[in-house]
Number of protein chains: 2
Amino acid sequence: MVVKNVMNMNPGDGATSYANNSGLQKAVMSEALPLVDETLEAMFSAENGFHAKCLKLVDLGCSSGPNTLFIISHILNTIEDLCSKRNNSTDHHHLPEFEVFLNDLPDNDFNNLFKLLLNSNVINGKKKRHCFLYGLPGSFYCRLFPSNTLHFAYSCYSLHWLSQVPEGIESRNKENICIARTSSPEVFEAYAKQYQRDFSTFLSLRGEEMIVGGRMVLIFRGRSVEDPSRIDDSAHITLLSQTLLDMVDEELVKKEDLYSFNIPLYAPREQEVKTVIETEGSFHLDKLQGFRVRWDAHDNVVDDDENNIILKIHRCGKLVADCVRAFMEPMLAAHFGSSIVDELFGRYAKKVEEHFSMKKSTYFVIVISLSRKGK
Amino acid sequence: MVVKNVMNMNPGDGATSYANNSGLQKAVMSEALPLVDETLEAMFSAENGFHAKCLKLVDLGCSSGPNTLFIISHILNTIEDLCSKRNNSTDHHHLPEFEVFLNDLPDNDFNNLFKLLLNSNVINGKKKRHCFLYGLPGSFYCRLFPSNTLHFAYSCYSLHWLSQVPEGIESRNKENICIARTSSPEVFEAYAKQYQRDFSTFLSLRGEEMIVGGRMVLIFRGRSVEDPSRIDDSAHITLLSQTLLDMVDEELVKKEDLYSFNIPLYAPREQEVKTVIETEGSFHLDKLQGFRVRWDAHDNVVDDDENNIILKIHRCGKLVADCVRAFMEPMLAAHFGSSIVDELFGRYAKKVEEHFSMKKSTYFVIVISLSRKGK
């Protein structure tokens, strides 16, 4: 499977679009904001902080939706406030110019993203900033920028996507579609190796592009335990493979199609992340944090009424299914055909609902702050 | 009318798309290529030519289609050949890195453009170049880049589009939709002033963005005579307003809708172009050329058989109508509603056919090469 061509989020701004079903990612982003601020403060507040006339920033795997505008706005406002404080002046002539690159795979819905930008005040901002925004179509496992030009990189909830499904695992993983309790050790190892290769490539490429002292804040799915068979941090994926298996039993999906389907997703342990960073060597790990977010973190409706618990669980099933559909549909449709998607996610919502009635599940998230070492 | 929201070409890659109906623009581009080559040669062949490690290039008003890839490929290959010759080496380590920005209004079909790029070899090229491509959504009548960073700008068949319809002309221009023989002198003057303002703004903005010695090659519609009433260089637009008038007579279009419709298009004389460049002052005009292209320049089928002339004229009517539709449809649909568009261009094709049976019409095109003066 060529990941580049199917690894995009649902386009547009309709009911099943990523733009309208990315509340979970917003919740994750909000949890990680303090480390973003801390990193920017280290870059721009000290006397020896950056004084570049023009700053080059990138959101890697930005997708298309309001989250992109939110984080870019936040970063620009924070830098401007820090520079104003440092210069002891609110005059915008003292502020740097900004080049902001919005990166995602070429099939990302850039048209929708650019329309959102047009209707936002990101470009002008409160201080009449000079901010130039560009779309950057391409995989972050390839070079994206000229050498020694990038100042700050940000990536939220994208780096757990591998560059490809590890080679040779298809038939070995049977009805599983990712690492699961019943996956063989070989499958687990293939995924882990692919992750090490990919994350190392990622660091090495950003190392070439980034100026010395440049920073990155990276947020991605992680795993809180060593043994993947002891606890299933990817229960939402397991529930999806179970739904597909039900459809195989009812002959709605071909068994060989399920057996040949695996998704390029990997949630590393903290120690794995540290090891790759140290071994690759371009970056210094300034900080690493782990936290948990509820699957339904983006459901802000409070139900005090006990009688509404069933209703709430039902709503959460739909909410989680919509969220998973927004990032999985293109991949599933490419492999199984788009005709199964409605049925699949209808069933999946019910399965999540059953799961929720027994257990409040969470994702484990890792956020790291890195700085480019001297060359 | 806010030009930014409707002044885009027909999206996608279907029958009425700009991507499939931009053969005329390709013909214009081909005529102008020698001046592009000459300009690049002046930049990169001499000992005192550019030696930047990374070159920043832009296609202003790139639209979405194969023409964009063609010209970018051509420019990159030419620069690489010139640099190789200068360095007396074909080793790609001696070549600069490239940042190529593809600019158009935010409603341009960037998704389609990025898909085309993915399937082309522009990025890698024959010499394994380091080329980074970005989408740049925004009007070229606004700032697009940080100060003093741009090396080369190219624009083909875009700069005759004004930033807006000149204010206050709507009711004065009656059934005309642009400058025409029956337009009043006030209308003509309003268009000319808007052009002077817009082109001057364009030069001043590019002047801020471009490094000293940076170059531009600009190709746009022009007018070969002083008096716009003596000869109609915009007969294709007049035929369109006549078609709309026929539809008003048949009550298919409201008279007030036609009377309030004007398009932001202006074809300047050579002297007007020179005057704005001199008055604005940021650029030196290295060369100006004018040439004519046939309306059906993109019809490469040769009919030796005399009997086929009628068939050929019919085909040309359709060809020209498709071409005009590709760049006019969004603007017409926004004003008159999309329901009239099929009928309008069916009738328009017949009108062009009648016109062609009497006369072989041409467009007058101006191409200029400019260099950024010292500051």
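Since the model is a prediction, treat every value here as computed from it, not as a measurement.

Concerning the relation of the copies chain A and chain B
The pair of chain copies shares a relation made of a rotation about an axis and a shift along it.
Here's step 1: With an axial shift of 0.0 Å and an RMSD of 0.0 Å, the rotation relating chain A to chain B amounts to 180°. On this basis, the relationship between the two copies can be described by a two-fold rotation axis. Distance from the rotation axis, computed per C-alpha, reaches its smallest value in chain A at A:Gly135: 2.3 Å.
Here's step 2: A shared interface surface links the copies, since 100% of the contact residues of chain A are contact residues in chain B too.

Structural notes on the interface of chain A and chain B
Here's step 1: Taken together, the contacts link 27 residues of chain A with 27 residues of chain B.
Here's step 2: With both sides pooled, the region where chain A packs onto chain B buries about 2300 Å², and carbon together with sulfur makes up 60% of that total.
Here's step 3: It is A:Asn111, A:Phe114 and A:Tyr134 that lose the most area in chain A upon contact with chain B, and together they represent 22% of the buried surface on that side.
Here's step 4: Here chain A and chain B share four salt bridges between them.
Here's step 5: Its salt-bridge partner being A:Glu99, residue B:Lys56 comes within 2.8 Å of it at the nearest N-O pair.
Here's step 6: One can count 14 residue pairs in polar contact (both at pLDDT 80 or more) joining chain A with chain B.

A few points about the packing of helix α6 (residues 235–249) of chain B against helix α9 (residues 309–336) of chain B
Residue and element names in this part refer to chain B.
Here's step 1: It is the contact of α6 with α9, at a shortest axis distance of 13 Å, that shows an interaxial angle of 40°. In terms of orientation, α6 and α9 fall into the oblique class. As for the relative orientation of α6 and α9, their crossing is right-handed in sense. For the pair formed by α6 and α9, the contact residues are His 236, Leu 240 and Leu 244 on the first element and Val 324, Met 328, Leu 332 and Phe 336 on the second.
Here's step 2: Residues belonging to the contact of α6 with α9 are distributed by class as follows: six nonpolar, one polar and no charged.

Notes on the packing of aromatic side chains
Here's step 1: Following the criterion strictly, the structure yields 31 aromatic pairs over all chains and no others.
Here's step 2: Relative to B:Phe327, the ring of B:Trp161 lies with its centre 5.9 Å away and its plane at 65°, an arrangement referred to as edge-to-face. Linking B:Trp161 in the loop between β4 (150–156) and α5 (185–209) with B:Phe327 in helix α9, this pair joins segments that are 166 residues apart in sequence. The two residues B:Trp161 and B:Phe327 agree in class, both being buried.
Here's step 3: Taken together, the aromatic side chains of A:Phe140, A:Tyr141, A:Tyr195, A:Phe199, A:Phe202, A:Phe220 and A:Tyr266 make up a single cluster linked through ring pairs.
Here's step 4: Just above the ring of A:Phe202 sits the side chain of A:Arg206; from NZ or CZ to the centre is 5.0 Å.
Here's step 5: If you follow A:Arg372 out to its NZ or CZ, it ends over the ring of A:Phe283, 6.0 Å from the centre.

Quick look at the pattern of salt bridges
Residue and element names in this part refer to chain A.
Here's step 1: Counting across every chain of the model gives 32 salt bridges over all chains.
Here's step 2: Residues Glu 272 and Arg 223 are paired through a salt bridge, measuring 3.3 Å at the closest nitrogen-oxygen approach. In this pair, Glu 272 sits in helix α8 (residues 270–280) while Arg 223 sits in the loop between β5 (210–222) and α6 (235–249), placing the two residues 49 residues apart along the sequence.
Here's step 3: Take Glu 272: its relative accessible area is 16%, and that puts it in the buried class.
Here's step 4: Taking relative accessible area as the criterion, Arg 223 reaches 9% and is therefore assigned buried.
Here's step 5: One salt bridge in this structure joins Glu 343 and Arg 347, with 2.6 Å as the shortest N-O distance. Here Glu 343 and its partner Arg 347 are both found in helix α10 (residues 341–358), four residues apart, which amounts to about one turn of the helix.
Here's step 6: Overall, Glu 343 belongs to the partly exposed group, its relative accessible area being 40%.

What to know about the nonpolar core
Looking at soluble globular proteins, one finds that nonpolar side chains tend to be buried together.
Here's step 1: By size, the foremost hydrophobic cluster in this structure holds 244 residues, and its most contacted members are A:Phe199 and B:Phe199.
Here's step 2: Here A:Phe199 is in contact with A:Leu159, A:Leu218, A:Val273, A:Val276, A:Ile277 and A:Ile368, once residues within four sequence places are set aside.

With respect to helix α3 (residues 66–87) of chain A
Residue and element names in this part refer to chain A.
Here's step 1: The end-to-end C-alpha distance of α3 is 32 Å, a good match for the 32 Å that 22 residues give at a rise of 1.5 Å each.
Here's step 2: The element α3 is extensively covered by neighbouring structure, given that 16 of its 22 residues are classed as buried.
Here's step 3: Where α3 terminates, the next one or two residues include Asn 88, which has phi positive at roughly 55°.

Remarks on the state of the cysteines
Here's step 1: Counted by the stated rule, this structure contains zero disulfides over all chains.
Here's step 2: As a non-bridged cysteine, A:Cys131 has A:Cys54 as the owner of its nearest cysteine sulfur, 9.5 Å distant.
Here's step 3: Overall, the relative accessible area of 4% leaves A:Cys131 in the buried class.
Here's step 4: For B:Cys83, which is in no disulfide, the shortest distance to another cysteine sulfur is to B:Cys54 and amounts to 12 Å.
Here's step 5: Exposure remark for B:Cys83: the relative accessible area of 2% places this residue in the buried category.

Digging into the side chain of A:Asp104
Residue and element names in this part refer to chain A.
Here's step 1: Looking at the secondary structure, you find Asp 104 in strand β2 (residues 97–104).
Here's step 2: A residue is classified by how much of its surface remains accessible, and Asp 104, at 10% relative accessible area, is buried.
Here's step 3: A polar contact of 2.7 Å, which involves the side chain of Asp 104, links it to the backbone nitrogen of Ser 63.
Here's step 4: Non-local contacts of Asp 104, meaning those with residues more than four positions away in its chain, are made with Gly 61, Cys 62, Ser 63, Phe 110, Leu 136, Pro 137 and Gly 138.

What about the packing of helix α2 (residues 23–44) of chain B against helix α3 (residues 66–87) of chain B?
All names here are of chain B.
Here's step 1: For the pair α2 and α3, the least separation of the axes is 10 Å and the interaxial angle reads 25°. The orientation of α2 with respect to α3, classified from their angle, is roughly parallel. In terms of crossing hand, the pair formed by α2 and α3 is right-handed. Counted together, Gln 25, Lys 26, Met 29, Leu 33, Val 36, Asp 37, Leu 40, Glu 41, Met 43 and Phe 44 of α2 and Asn 67, Phe 70, Ile 71, His 74, Ile 75, Thr 78, Ile 79, Leu 82, Cys 83 and Arg 86 of α3 form the full contact between these two elements.
Here's step 2: Across the contact of α2 with α3, the residue classes tally to 12 nonpolar, four polar and four charged.

Description of unusual backbone geometry
Residues and elements named next belong to chain B.
Here's step 1: In this structure, Ser 63 is a non-glycine residue whose phi angle is positive, near 55°.
Here's step 2: Note that Ser 63 resides in the loop between β1 (54–60) and α3.
Here's step 3: Backbone geometry at Tyr 157 places phi at a positive 65°, although glycine is not the residue there.
Here's step 4: By the secondary structure assignment, Tyr 157 is in the loop between β4 and α5.
Here's step 5: Overall, the relative accessible area of 10% leaves Tyr 157 in the buried class.

Re α2(B)
Here's step 1: The end-to-end C-alpha separation of α2(B) is 30 Å, in line with the 32 Å expected for 22 residues at 1.5 Å each.
Here's step 2: Along α2(B), the sharpest kink reaches roughly 45°, centred on B:Ala32 and followed within four residues by the proline B:Pro34.

Cut-offs used in this document
- Residues numbered from 1 in each chain as written.
- Chains lettered and ligands numbered in written order.
- Predicted model: local features only at pLDDT ≥ 70, side-chain atom pairs only at ≥ 80, totals over all residues.
- Heavy atoms only, no water.
- Least-squares fit on C-alpha atoms with pLDDT ≥ 70 in both.
- Contact = heavy atoms within 4.5 Å.
- Buried area = accessible area lost by both parts, 1.4 Å probe.
- Salt bridge = Lys/Arg side-chain N within 4 Å of Asp/Glu carboxyl O.
- Polar contact = N/O pair within 3.5 Å; in protein donor to acceptor, adjacent residues only side chain to side chain.
- Axes fitted to C-alpha atoms, helices over the stretch in contact; angles between N-to-C directions.
- Helix = DSSP H or I, 4+ residues; strand = E, 2+ residues; numbered from the N terminus.
- Parallel < 35°, antiparallel > 145°, perpendicular 65-115°, else oblique.
- Left-handed = near helix turned anticlockwise from the far one by under 90°.
- Nonpolar A, V, L, I, M, F, W, Y, C, P; charged D, E, K, R; others polar.
- Phe/Tyr/Trp six-rings, centres within 6.5 Å; stacked < 30°, edge-to-face > 60°.
- Buried < 20%, exposed > 50% of the residue type's maximum accessible area, 1.4 Å probe, protein only.
- Lys NZ or Arg CZ within 6 Å of the ring centre and 35° of its normal.
- Core = buried A, V, L, I, M, F, W, Y, C linked by side-chain atoms within 4.5 Å.
- Expected span 1.5 Å × (residues − 1).
- Disulfide = S-S within 2.5 Å.
- Bend = angle between axes of the 7 residues up to and from the residue.

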